[in-house]
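Each chain is listed here by its residues.
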Amino acid sequence: MRYWSVLFGLAAVLCVLAFLYAPFSPDWWVPTAGTPPHVISTFGREIDSLFLIILFITGIVFIGTQIVFVWASYRFADERDAEGRPLRQAQYFHGSQRLEVIWTIIPAAILVFIALYQMGTWASIKFRSAAPRVPPLAEITGRQFQWVIRYPGPDGKLNTGDDLFTENDLHFVKNHQVLIYLKSQDVLHSFYLPILRIKQDAVPGMTIPVWFDSDTAGQFELVCAELCGWGHYKMRGKVTIHENEAEFQKWVDGQLAEQNRSQLTMATPPEGR
Ligand SMILES: [Cu+2]
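The structure contained in this document is the topic of the report that follows. All of these numbers come straight from a predicted model, not from anything done at the bench.

Each helix and strand counted, the chain has five helices and 10 strands in total. Taking 2.2 N^0.38 as the reference for a compact globule, 273 residues should give roughly 19 Å; the C-alpha atoms of the chain span a radius of gyration of 28 Å, well beyond that estimate. Here the chain, with 273 residues, has 18% of them falling under the buried criterion.

And the structure:
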């Protein structure tokens, strides 16, 4: 049955074509900001280059193993003579220790290489010592099922009476280092900004700093990447990256006015009562 080897070969060719096409498709991996650039943050570029290196290594291994696989299934296909007897006798052998050592050491070496190679990127995204020394933009609390975002009010300080609250609505300014504090009120959530390649679990009882930047203004997605209950899908927020500080401040002022107005109407009893 030589046909099988042809089928396996075609499947492998299809996979490789998909690999090769992927980087040229605008939404090839996670949402992107048009083409080019695929990615709009410092960490995003580092993460994507790590991703490409791993894709390259696994791609080479895939192509190599598929070639051997297709060749073997073609070369050693079951063949019979006119009377239906096999042309070849199967042979048993015990395996090769040398080969096993080789194919254990090579993947181990590749894993060690990747582990060491990504350390710098990991440190710059996750080590608290790498956090930018800037005042926090906001405190973001995940809860079933929304992101509650608390910005400092006019006094510029978080956790004071004049803070601004929004739901699922994150704003910041492009080309600025952004620092937020991440919390959870109930269960595990995961703060995920796909366009910036930022993902961090929100853990009940912990306040976790998260930092990022963006070199492009626009509107993108903020999602929860941890199945956190029946309404998990509702934890989809909007990220607005403003062109400049003034534009951002205008938005903050508008929201603050809105917030104060609604608080006033709540505090004032309706007429005639
Ligand atoms: Cu969630």
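The subject of this paragraph is the nonpolar core. Counting residues in hydrophobic clusters, the biggest one holds 31 residues, and the most contacted among them are Ile140, Ile180, Leu193, Val210 and Phe212. It is strand β9 (residues 218–224) that provides the largest number of residues to this core, a total of four residues. Ignoring sequence-local partners within four residues, the contact set of phenylalanine 212 consists of Ser41, Phe43, Val178, Leu193, Leu196 and Ile198.

With that settled, the discussion passes to the pairing of strand β10 (residues 236–242). Of the two faces of β10, the one lined by Gly237, Val239 and Ile241 is fully buried and the one lined by Arg236, Lys238, Thr240 and His242 carries no buried residue. Looking at chain direction, strand β4 (residues 169–173) and β10 are connected through five bridges and run parallel. Paired with valine 173 across the two strands is histidine 242, which belongs to β10. Bridge count for β9 against β10 is six bridges, and the pairing is antiparallel. Counted as the bridge partner of leucine 222 is glycine 237 from β10.

Helical geometry note: an α-helix holds 3.6 residues per turn, so side chains three or four residues apart project in the same direction. Relative to the 50 Å expected for 34 residues at 1.5 Å per residue, helix α2 (residues 42–75) spans 50 Å between its end C-alpha atoms, a close match to the ideal helical length. The set of residues buried in α2 consists of Gly44, Ile47 and Val70. In the core, the buried residues of α2 are packed alongside α1 (3–21) and α4 (119–126).

Take the sheet that holds strand β3 (residues 164–167) next. As summarised here, the arrangement of the five strands in space is β3-β2-β1-β5-β8, forming an open sheet in which the pairing is mixed. With partners counted over all chains shown, the strands left at the sheet margins are β3 and β8 (208–212), one partner each. Between one strand and the next, the sheet's axes are offset by a mean angle of 25 degrees, whatever the strand orientation. Inspection of the sheet shows strand β5 (residues 178–184) paired to β8 by five bridges, in the antiparallel sense. Paired with tyrosine 181 across the bridge in β8 is proline 209.

How each quantity is defined
As a convention, each chain's residues are numbered from 1 in the sequence order in which they are written. Only residues with pLDDT of at least 70 are given local features in this predicted model, and only at 80 or more are side-chain atom pairs given and counted; all residues enter the totals for whole chains, interfaces and linings. Secondary structure follows DSSP: runs of H or I at least 4 residues long count as helices, runs of E at least 2 residues long count as strands, and numbering of each begins at the N terminus. The quantity called the radius of gyration is restricted to C-alpha atoms. Its globule counterpart is 2.2 Å times the number of residues to the power 0.38. Note on burial: count the other C-beta atoms lying within 10 Å of the residue's C-beta; 20 or more is buried, 12 or fewer is exposed, in between is partly exposed, and C-beta positions come from the backbone. Put simply, a nonpolar core is a cluster of buried Ala, Val, Leu, Ile, Met, Phe, Trp, Tyr and Cys residues tied together by C-beta atoms within 7 Å. Any pair of residues counts as being in contact when their C-beta atoms, constructed from backbone geometry, are within 7 Å of one another. When DSSP finds at least two bridges between two strands, those strands are taken to pair. Between the first and last residue of a helix there are one fewer steps than residues, each counted as 1.5 Å, and that sum is the expected span. Inter-axis angles, ranging from 0 to 180 degrees, are taken between N-to-C directions of lines fitted to C-alpha atoms, where helices are fitted over the stretch in contact.

Any functional reading would require information beyond the geometric quantities listed.
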